[in-house]
Amino acid sequence: MAINNYSEIEKSKNEMEQYVKEGYKIFIDTCSLLEDSADAFWQNIAPYLQIYDSKIIIPFRCIEELMKHQNNTSDPALRKKAIHSLTIC
């Protein structure tokens, strides 16, 4: 089972590199920024963004939503994720 997981991860990284290398426009939305696996995504894609001098597009509306969520007092977990996401952005 571990071999399958490793090969799936490598396959995903290769696909990610191809998207960046080929100049695809990569957009990310608020839900993706708040996802628990967002840190892993950034860690995996950052080297490719640097190598190929590329960027991720985050619409300003997403930043506004994160700013709204960082002030959320009724959901501390959402607030924490929003603050972390804004820091990463």
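As the structure is a computational prediction, the values presented were derived from the model and not from experiment. (Residues numbered from 1 in each chain as written. Predicted model: local features only at pLDDT ≥ 70, side-chain atom pairs only at ≥ 80, totals over all residues. Heavy atoms only, no water.)

Student: When you look at the packing of aromatic side chains in this model, what are you seeing that I'm missing?
Tutor: By convention here, two paired aromatic rings are described through the distance between centres and the angle between planes. If you walk through the whole model with that rule in mind, you get two aromatic pairs. Pairing Tyr19 with Tyr24 gives two aromatic rings, centres 5.3 Å apart and planes at 80°, and the pair type is edge-to-face. Here Tyr19 falls in the partly exposed class, since its relative accessible area comes to 43%. Assessed through its relative accessible area of 44%, Tyr24 is described here as partly exposed. Between Phe41 and Trp42 the ring centres are 5.2 Å apart and the planes differ by 65°, which places this aromatic pair in the edge-to-face class. On the accessibility criterion, Phe41 (25% relative accessible area) is partly exposed. (Phe/Tyr/Trp six-rings, centres within 6.5 Å; stacked < 30°, edge-to-face > 60°. Buried < 20%, exposed > 50% of the residue type's maximum accessible area, 1.4 Å probe, protein only.)

Student: Just to check I follow, could you spell out helix α3 (residues 38–51) for this structure?
Tutor: For an α-helix, the turn length of 3.6 residues means that residues three or four places apart are oriented alike. Helix length check: α3 (14 residues) gives 20 Å between terminal C-alpha atoms against 20 Å at 1.5 Å per residue, within 8%. Largest kink in α3: about 35°, centred on Ile45, with the proline Pro47 one to four residues after it. Those residues of α3 that fall on the buried side of the exposure criterion are Ala38, Trp42, Ile45, Tyr48 and Leu49. Positive phi shows up at Asp53, right after α3, with a value of about 45°. (Helix = DSSP H or I, 4+ residues; strand = E, 2+ residues; numbered from the N terminus. Expected span 1.5 Å × (residues − 1). Bend = angle between axes of the 7 residues up to and from the residue.)

Student: What is the right way to read helix α5 (residues 76–88) from this model?
Tutor: Helix length check: α5, at 13 residues, gives a terminal C-alpha distance of 18 Å against a target of 18 Å (1.5 Å per residue), a fit within 8%. On its buried face, α5 is in contact with α2 (30–34) and α4 (60–69). (Contact = heavy atoms within 4.5 Å.)

Student: So what exactly am I meant to see when it comes to the environment of Pro76 here?
Tutor: Relative to the helices and strands, Pro76 is located in helix α5. In this structure Pro76 comes out as exposed when scored by relative accessible area, which is 59%. C-alpha of Pro76 to C-alpha of Ile58: the two residues are 18 residues apart in sequence and 24 Å apart in space.

Don't take any of this as a statement about function, it's just geometry.
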